[in-house]
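# Notes for the structure review
Spelled out, the chains give:
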Protein chains: 2
Amino acid sequence: MARESAGESVLRRHMRVLESFDAWHPFLTLSEIAEASGLAVSTAHRLVAALEGEGLLERLPDRTYRLGVRLWEFASRTPGAVGLREIARPWLGAVHERVREHAQVGVLSGRDVLYIDRVSTRDAVVNATLVGGRIPLHASSSGLVLLAHADATLVDDVIAHGLRTYTERTIRSGPELRAHLRKVRDEGFAVTDGHIHPESRGIAVAVTGPGGSVYAAIGVVVPNDGVSPHPYVELLRRAAVGITHDLAVAYRPDVDERTHGIRSLVRGSRRSIEYLESLDADPHDAPLPGCSRHDDRPADAAVVTSPRGAASPGPCR
Amino acid sequence: MARESAGESVLRRHMRVLESFDAWHPFLTLSEIAEASGLAVSTAHRLVAALEGEGLLERLPDRTYRLGVRLWEFASRTPGAVGLREIARPWLGAVHERVREHAQVGVLSGRDVLYIDRVSTRDAVVNATLVGGRIPLHASSSGLVLLAHADATLVDDVIAHGLRTYTERTIRSGPELRAHLRKVRDEGFAVTDGHIHPESRGIAVAVTGPGGSVYAAIGVVVPNDGVSPHPYVELLRRAAVGITHDLAVAYRPDVDERTHGIRSLVRGSRRSIEYLESLDADPHDAPLPGCSRHDDRPADAAVVTSPRGAASPGPCR
């Protein structure tokens, strides 16, 4: 059943193809892509070929497709996801070390929390979140924290779109949601007892970004046993303060303009970072590592090889 | 200096915009994007707006742009990057635990190694690789392993495009490269002593995938001290065998078709995975978590919210 409409942009159609893949369906045939994306097979075929040409899709020997590593390569340069994840990881690990269940970091994305990272014990309680997965804002403790500090129009939007019910404890009305959000703002944390699964409880606090606004939420999912949430909240608050501090260091504007933000994206030894920064300090002397270069080109004409082997203007400048 | 050409596809132009960002330049203004991508400012403006609308770019309060978390969300579903990374991580950690320098995993991408993951000690030796970064195949031990098992036409292609020189030890001629590749195939590992930095040495072996072909390379970067590489090689070989085994388990075709590949993308507690799999077993009974749903829609019409808040056909099926 093709759902494509004539006025739809090429970008939207490409996105539809990419959106066909999820954690449950990481490998799809062309006809499955057409079905999942609601595109005619001929249209899907054309779009898939173009996406494959750019390395955004990969065709396997059995003729199924999967999302390509080129997407991951772009993702590795996202300050809001990988940057945050790299910075938050030690703090998340410290929380998990104490709690021994699930500790996770999420960001606002549309009307959902998008989970950027999670540390879990193998025998931990049920947790519906996936790394790279979404939960509606109203249903999750991280979501309530993010929504409590978001624009008021988003609250209206979330309510207007309907509040999906997971358990009898899930917030299910606009007034109930607004009351919860006021409580979160007053107390500085959110607790959801059995809102997604009866056995599980979410507790989350806000993480402030370098600009002073709420940047992310950090939370735990623990057994829904009714004990005081305050020890968890204190632990999460300390981690949130640490992440805020480390975000500010990574993105501080007083360091050399050239390396603005790089520390958030680059892990490695001190000597490696010094080496990499020294290369970038004078790109005409030494190009960035990782940039294939034609030997016969002038030193400032660095090119990077595309996933399909064609030289293309790339990240080497 | 606009480099755009009339026959270029819309997708290629979108890619050019995304390719403007790198680890050194994670934040760019519109005019910087236009300059880096070689597009006219008016063209760049239009493309940036479309990409922002899909969440692939994000505009910050200071009017700079960064790559959007939506890219990371797609990336979290790539078996070839995140799937491999999740599976390789414990083995990489075990190698690093013994070596205490750098341990890394890379895949073939064009004429480069694309590094998927790395574990480094803070005081480790200089290492030019970044997670998400590239090194030309001929220069790196992981690259030599991947090239030694790749199609012969790729070797020709790499030589034809020129072999960039990093140090006096870098492989710099076609015959020298071909001799090295034969040695790698004969011995089953690659060693590069000071090929990228005089103080550093790379040692790598191949990782076989579920289909029996070379899937990735795993390697270490250690001080270039001339000791026998064999203890490192043995350690890496054991890790490679472990990764091959775990890849086969994650993608084994004998498990329920519905969960094909999911274990490679989902980390979490056993109970969470059982819960998530039980939801998917009958999607008409219970939708996937993370899928916002209109309350007034039939239960099989799940929608996911897009990053800009518009309901869109998404990963929930």
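Residues numbered from 1 in each chain as written. Chains lettered and ligands numbered in written order. Predicted model: local features only at pLDDT ≥ 70, side-chain atom pairs only at ≥ 80, totals over all residues. Heavy atoms only, no water.

Attention shifts here to the pattern of salt bridges. All names here are of chain B. Under the definition given, this model contains 38 salt bridges over all chains. For Arg16, the salt bridge goes to Glu8, with nearest N and O atoms at 2.7 Å. Neither residue differs from the other here; Arg16 and Glu8 are each classed as buried. Its salt-bridge partner being Arg89, residue Asp117 comes within 2.6 Å of it at the nearest N-O pair. With Asp117 in strand 4 (residues 112-120) and Arg89 in helix 5 (residues 79-99), this residue pair connects regions lying 28 residues apart in the sequence. When its relative accessible area of 1% is taken as the criterion, Asp117 is described as buried. (Salt bridge = Lys/Arg side-chain N within 4 Å of Asp/Glu carboxyl O. Buried < 20%, exposed > 50% of the residue type's maximum accessible area, 1.4 Å probe, protein only. Helix = DSSP H or I, 4+ residues; strand = E, 2+ residues; numbered from the N terminus.)

The subject of this paragraph is the sheet that holds strand 7 (residues 200-208) of chain B. Residues and elements named next belong to chain B. An order of 5-4-3-8-7-6 is seen for the six strands of this open sheet, with the pairing classed as antiparallel. Only two strands of the sheet have a single neighbouring strand rather than two, namely strand 5 (134-136) and strand 6 (190-193). Pairs of neighbouring strands in the sheet enclose a mean axial angle of 30°, with direction left out of account. Bridging between strand 3 (residues 102-109) and strand 8 (residues 214-223) involves five bridges; their strand directions are antiparallel. The residue of strand 8 that forms the bridge with His102 is Val221. Where helix 6 (residues 141-148) meets the sheet, its contacts fall on strand 3, strand 4, strand 6, strand 7 and strand 8, and the angle it forms with strand 7 comes to roughly 35°. (Pairing = 2+ DSSP bridges. Axes fitted to C-alpha atoms, helices over the stretch in contact; angles between N-to-C directions. Contact = heavy atoms within 4.5 Å.)

Another aspect to go through is the confidence of the model for chain A. Residue and element names in this part refer to chain A. Of all residues in chain A, 78% have pLDDT values of 70 or greater, and the mean over the chain is 81. Confidence drops under pLDDT 50 across residues 253-260; counting only partners more than four residues distant or on other chains, this segment forms eleven contacts. Contacts from residues 281-317, a stretch scored under 50 in pLDDT, to residues over four places away or in other chains number 101 contacts. (pLDDT = per-residue confidence, 0-100.)

A few words on helix 7 (residues 152-160) of chain A. Residues and elements named next belong to chain A. Restricting attention to buried positions, one finds in helix 7 the residues Leu154, Val155 and Val158. Along the axis of helix 7, the buried residues cluster in a sector spanning 105°; they form a single face. When the buried face of helix 7 is taken as reference, the exposed residues oriented beyond 90 degrees from it are Ala152, Thr153 and Ala160. Elements that come into contact with the buried residues of helix 7 comprise strand 3 (102-109), helix 6 (141-148) and helix 8 (174-187). Directly after helix 7, the chain includes Gly162, whose backbone phi takes a positive value near 95°. (Arc of directions from axis to C-beta.)

Quick look at the pairing of strand 4 (residues 112-120) of chain A now. Residue and element names in this part refer to chain A. Of all nine residues making up strand 4, eight are buried, and the element is well covered by its neighbours. Sheet topology note: the strand 3/strand 4 ladder contains eight bridges and is antiparallel. Bridge pairing in strand 4 places Leu108 opposite Val113. Between the end of strand 3 and the start of strand 4, which pair antiparallel, lie two residues, with Gly110 showing a positive phi angle near 65°. Alignment of strand 4 against strand 5 (residues 134-136), held across three bridges, turns out to be antiparallel. Paired with Val113 across the strands is Ile135, a residue of strand 5.

Time to look at the sheet that holds strand 6 (residues 190-193) of chain A. All names here are of chain A. Here we have six strands laid out as an open sheet, ordered 5-4-3-8-7-6, and antiparallel in their pairing. Taken across any chain shown, the strands that pair with only one partner, and hence form the sheet edges, are strand 5 and strand 6. Taken pair by pair, the neighbouring strands of this sheet meet at an average axis angle of 30°, ignoring direction. In this fold helix 6 packs onto strand 3, strand 4, strand 6, strand 7 (200-208) and strand 8 (214-223), with an angle of close to 35° to the strand it touches most, strand 7. Helix 9 (residues 230-250) contacts strand 7 and strand 8 of the sheet and is inclined by roughly 30° relative to strand 7.

A word on the side chain of His102(A). Residue and element names in this part refer to chain A. Relative to the assigned elements, His102 resides in strand 3. The exposure class of His102 is buried, given its relative accessible area of 0%. Of the polar contacts made by the side chain of His102, one reaches the side chain of Ser120; its length is 2.7 Å. At 2.5 Å, the side chain of His102 forms a polar contact with the backbone oxygen of Val125. (Polar contact = N/O pair within 3.5 Å; in protein donor to acceptor, adjacent residues only side chain to side chain.)

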